[in-house]
Amino acid sequence: MSDSKPTPELLAIRDTIDALDQDILKLISERARCAQQVAEIKMQEVQSASGRGDDIAEPQFYRPEREAQVLLRLKERNEGPLADDTIAYIFREIMSACLALERPLQVAYLGPEGTFTQAAALKHFGHAAVCVSQGTIDRVFAEVESGGCHYGIVPVENSTEGMVSHTLDSFIDTALHIVGEVEIPIHHYLLALKGSDPNKITKIIAHQQALAQCRNWLSHRWSHVEWQAVASNGEAAKRAAKEPGVAAIAGEAAADFYGLEKLAEHIEDNPDNTTRFLVIGRDEVPPSGHDKTSLVVSSRNKPGALLGLLEPFRREGISLTRIDTRPSKTEKWAYVFFIEFEGHCQDARVAAILSELEEQSILIKVICSYPRAVLSCGLVF
């Protein structure tokens, strides 16, 4: 390392950076005080309504559509040199910290600690959110329905293995709404106790989706040991940290959290492996201008039924982003369709389509309209 003194030019730049840091700190503090004022106004409104005897709901501090609009506007106005998504991440953390001054959000996720679902929760809500681990997808839904947590986050689709059927089925009966979506890249690691001898591994455990996403890699290298599906990759890592001879498939966060050694890295069969998560909540979301809508629909069992459901979308020029089927719980050999498309249910064209679908369907349920993912799936902090 050089012992030479900084040049006057370098010292001047450092002074400028120090001054800018001070200005940034002052502005962040000012923004935080504004957030506190928002919270005070909302609470005063509730108290005033209560005093008049009005029936008013609990104030909603987190507004998904408002946050999406702010982040999109920042990306559009960014002049560099930082990338658009980097700017959005920085501001999401600022917004997360400011929101925590109003009321820290409690977010249920499929745990335990170290799962990709927890990473998705932190990516969407920021690190000021309080993440509450749940053992199953059902428990995530139940915790949000009961009011134990403000929001929940569940996996719904993987680019390699397709839809998570348990999540789709949960939306049929629940009164909860989708309020957002998150995409994150999935890189799997083979983890075991530090100092483990790979030749003494007798069992590999992971969530069934992770096992499927690494099937070819496992078949070529570990076909001689038992593979076992467990509730989550976090649970697998937790067990591997206690059981000699057991290796887990999980993410890098789980390796760090449980102090495990990486026997192999990036073992997923598809290097572009990505999982999409849905954020669930109790309130509907107003339009953000950059939305998706998800619905469940079941038509009468007759020739051309599916074509009849899809024709209104084609006619109105609405782009479908996903369609899937699940068995009906009420009729043998009947199915319900999960349809996802661009637009908000308050849009005139979308409202017309929904009205037409109601006339030709025996069941239609709009799960909700929600802002499309703002942050790139390639960035996870």
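Bear in mind that the values here come from a model prediction, so they are computed numbers and not experimental data. (Residues numbered from 1 in each chain as written. Predicted model: local features only at pLDDT ≥ 70, side-chain atom pairs only at ≥ 80, totals over all residues. Heavy atoms only, no water.)

Caption draft 1: Molecular detail of the packing of helix α11 (residues 305-316) against helix α12 (residues 348-360). Where α11 meets α12, the closest approach of the two axes is 10 Å, and the angle between their N-to-C directions is 160 degrees. As the angle between them shows, α11 and α12 are arranged roughly antiparallel. Between α11 and α12 the crossing geometry is right-handed. Taking contact as the criterion, the partners of G308, L309, P312, F313, R315 and E316 in α11 are, on α12, R349, I353, E356, L357 and Q360. A class-by-class count of the residues in the contact of α11 with α12 yields five nonpolar, two polar and four charged. (Axes fitted to C-alpha atoms, helices over the stretch in contact; angles between N-to-C directions. Helix = DSSP H or I, 4+ residues; strand = E, 2+ residues; numbered from the N terminus. Parallel < 35°, antiparallel > 145°, perpendicular 65-115°, else oblique. Left-handed = near helix turned anticlockwise from the far one by under 90°. Contact = heavy atoms within 4.5 Å. Nonpolar A, V, L, I, M, F, W, Y, C, P; charged D, E, K, R; others polar.)

Caption draft 2: Geometry of the side chain of T117. Within the secondary structure layout, T117 lies in helix α4 (residues 116-125). For T117, the residues in contact, after removing those within four places along its chain, are Y109, L110, I153, V154, P155 and F277.

Caption draft 3: Region of interest: the sheet that holds strand β13 (residues 320-327). Strands sit in the order β13-β14-β12-β15 across an open sheet of four strands; the sheet is antiparallel. Each end of this open sheet is capped by a strand with a single partner; those strands are β13 and β15 (361-371). Strand after strand, the sheet turns through a mean of 15 degrees between neighbouring axes, direction not considered. In this structure, β13 lies alongside strand β14 (residues 335-342), joined through seven bridges in antiparallel fashion. Within β14, the position partnered with D324 by the bridge is F338. Sitting on the sheet, α11 touches β12 (291-299), β13, β14 and β15, and the angle it makes with β14 is about 15 degrees. (Pairing = 2+ DSSP bridges.)

Caption draft 4: Representation of the packing of helix α5 (residues 137-145) against helix α6 (residues 165-173). Across the interface, α5 lies against α6 with an axial gap of 10 Å and an inter-helix angle of 35 degrees. The handedness of the crossing between α5 and α6 comes out as right-handed. Between α5 and α6, the contacting residues are I137, D138 and F141 on the first element and H166, T167, S170 and F171 on the second. Class assignment for the residues of the contact of α5 with α6 results in three nonpolar, three polar and one charged.

Caption draft 5: Representation of the sheet that holds strand β10 (residues 261-264) in the model. The strand order across the open sheet built from five strands is β8-β7-β9-β6-β10, with neighbouring strands paired in mixed fashion. The sheet terminates laterally at β8 (226-230) and β10, the two strands that pair on one side only. When the angles between neighbouring strand axes are averaged without regard to direction, this sheet yields 35 degrees. As paired strands, strand β7 (residues 203-207) and β8 are joined by five bridges and run parallel to one another.

Caption draft 6: Region of interest: the pattern of salt bridges. This structure, assessed with the given rule, holds 17 salt bridges. Across the pair E340 and K292 runs a salt bridge whose closest N-O atoms are separated by 3.6 Å. Of this pair, E340 sits in strand β14 while K292 is found in strand β12, placing the two residues 48 residues apart along the sequence. The same class applies to E340 and to K292, which are both buried. Salt bridges here are not isolated pairs; linked through shared partners, they connect E157, E181, R276, K292, R322, D324 and E340. (Salt bridge = Lys/Arg side-chain N within 4 Å of Asp/Glu carboxyl O. Buried < 20%, exposed > 50% of the residue type's maximum accessible area, 1.4 Å probe, protein only.)

Caption draft 7: Summary view of the environment of L122. Take L122: it is sitting in helix α4. Remark: the alpha-carbon pair of L122 and V107, spanning 15 residues in sequence, is separated by 9.3 Å. Apart from residues lying up to four places away in sequence, L122 is in contact with E93, H127 and C131.

Caption draft 8: Layout of the packing of aromatic side chains. On inspection of all chains with the given rule, the structure shows six aromatic pairs. For the pair Y62 and Y151, a centre-to-centre distance of 5.2 Å together with 80 degrees between the ring planes defines the contact as edge-to-face. Note that Y62 is positioned in the loop between α1 (8-51) and α2 (64-77) and Y151 in strand β3 (residues 151-158), a separation of 89 residues in sequence. Among the residues examined, Y151 registers a relative accessible area of 7% and is labelled buried. Ring centres 5.7 Å apart and planes at 35 degrees place the aromatic pair F125 and Y151 in the tilted group. Of the two residues, F125 is situated in helix α4 and Y151 in strand β3; the sequence distance between them amounts to 26 residues. Among the aromatic residues, ring-to-ring pairing joins Y62, F125 and Y151 into one connected group. (Phe/Tyr/Trp six-rings, centres within 6.5 Å; stacked < 30°, edge-to-face > 60°.)

Caption draft 9: Summary view of unusual backbone geometry. Following G80, the chain continues into P81 via a peptide bond in cis, with omega recorded as 5 degrees. A positive phi angle is found at H266, which is not glycine, with a value near 50 degrees. Along the chain, H266 turns up in the loop between β10 and β11 (274-281). For H266, a relative accessible area of 43% gives the class partly exposed.

Caption draft 10: Representation of the pairing of strand β6 (residues 189-192) in the model. By the alternation rule, side chains of β6 split into Y189 and L191 and L190 and A192, which are all buried. With three bridges joining them, β6 and strand β9 (residues 246-250) adopt antiparallel strand pairing. Among the inter-strand pairings, L191 is bridged to a residue of β9, identified as A248. Inspection of the sheet shows β6 paired to β10 by three bridges, in the antiparallel sense. From the neighbouring strand, L191 faces β10, where its bridge partner is K262.

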